[in-house]
Amino acid sequence: MVEFTKNHRKTLIKLLALPPDIRFPSDSRFRNIIQALDFEILAVVFNVWCKQTLSIDEGELMAMDGKSIKSTLTGGNSSYQNFVTMVSV
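Residues numbered from 1 in each chain as written. Predicted model: local features only at pLDDT ≥ 70, side-chain atom pairs only at ≥ 80, totals over all residues. Heavy atoms only, no water.

Can you walk me through the overall build of the protein in this structure?
For the protein, the count of helices and strands is 4 helices and 2 strands. When the helices and strands of the protein are listed from N to C terminus, the series reads α-α-α-α-β-β. By residue count, 7% of the 89 residues in the protein fall in the buried class. Just so you have it, the protein exposes about 8,400 Å², and 59% of that area is on carbon and sulfur atoms. (Helix = DSSP H or I, 4+ residues; strand = E, 2+ residues; numbered from the N terminus. Buried < 20%, exposed > 50% of the residue type's maximum accessible area, 1.4 Å probe, protein only. Areas by Shrake-Rupley, 256 points an atom, 1.4 Å probe, with all protein chains shown as cover.)

What should I look at first to understand helix 4 (residues 39-53) in this one?
Structurally, the α-helix is built with 3.6 residues per turn, so residues lying three or four positions apart point the same way. Look at helix 4: 20 Å from first C-alpha to last across 15 residues, which is about the 21 Å you get at 1.5 Å a residue. A side-chain oxygen of the first residue of helix 4 lies 2.9 Å from the backbone nitrogen of E40; this N-cap is D38. (Expected span 1.5 Å × (residues − 1). Polar contact = N/O pair within 3.5 Å; in protein donor to acceptor, adjacent residues only side chain to side chain.)

Which parts of the structure should I look at to understand the packing of aromatic side chains?
Between two aromatic rings, the relevant description is the distance of the centres plus the angle of the planes. Applying the stated criterion across every chain yields a total of 1 aromatic pair. The interplanar angle of 35° and the centroid separation of 5.9 Å between the aromatic rings of F46 and W49 together place this pair among those described as tilted. Taken together, the residues span about one helical turn, with F46 and W49 both in helix 4 at a distance of 3 residues. (Phe/Tyr/Trp six-rings, centres within 6.5 Å; stacked < 30°, edge-to-face > 60°.)

Quick question: what am I supposed to make of a nonpolar patch on the surface here?
Taken together, the side chains of M1, I33, I34, L37 and L42 define a hydrophobic patch exposed on the protein surface, amounting to about 470 Å² of accessible area. Structurally, M1 is set in the segment before helix 1 (2-7). Taking relative accessible area as the criterion, M1 reaches 59% and is therefore assigned exposed. (Patch = residues over 30% accessible without salt bridge, like charges linked within 9 Å, V, L, I, M, F, W, Y side chains within 5 Å. Salt bridge = Lys/Arg side-chain N within 4 Å of Asp/Glu carboxyl O.)

Would you take a moment to explain the confidence of the model for the protein for this structure?
Detailed reading of the predicted model is not advised wherever pLDDT is low. Taken as a whole, the protein shows an average pLDDT of 85; of its residues, 89% reach a score of 70 or greater. Averaged over each element, pLDDT in the protein is lowest for strand 2 (residues 85-88) (76) and highest for helix 2 (residues 9-15) (94). (pLDDT = per-residue confidence, 0-100.)

So what exactly am I meant to see when it comes to the environment of S28 here?
Within the secondary structure layout, S28 lies in helix 3 (residues 27-36). Spatially, the C-alpha atom of S28 lies 9.7 Å from that of V2, the residues being 26 residues apart in sequence. Engagement of the side chain of S28 in a polar contact is seen with the side chain of S26, the distance being 3.2 Å.

How should the environment of I22 be read in this particular structure?
Along the chain, I22 turns up in the loop between helix 2 and helix 3. Taking the C-alpha atoms as reference points, I22 and R9, 13 residues apart in sequence, are found 9.4 Å from one another. Here I22 is in contact with R9 and I13, once residues within four sequence places are set aside. (Contact = heavy atoms within 4.5 Å.)

Can you walk me through unusual backbone geometry in this structure?
When glycine is set aside, most residues are seen to have a negative phi, and most peptide bonds are trans. Despite not being glycine, A17 has its phi angle at roughly 50°, a positive value. Among the secondary structure elements, A17 is positioned in the loop between helix 2 and helix 3. Overall, the relative accessible area of 68% leaves A17 in the exposed class.

Right, dumping it as structure tokens:
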């Protein structure tokens, strides 16, 4: 996200009507913001956005890839393992 804000600084300032001397968040600030988000709410909002934005035709094939996010596993020794996964389609 830091790289994105660096690479797209001028566009973000223009689109969001920000002051030209704005200081965008650092790596640690972005991490703290993300860690403070309520995952359940974020997941609901993301799913709503996906349904509104992405159209998938019946019978359409898609490639998928999933990765678990480091340090999110709990209950690793039980039959139910809880972890956060990112899925790319």
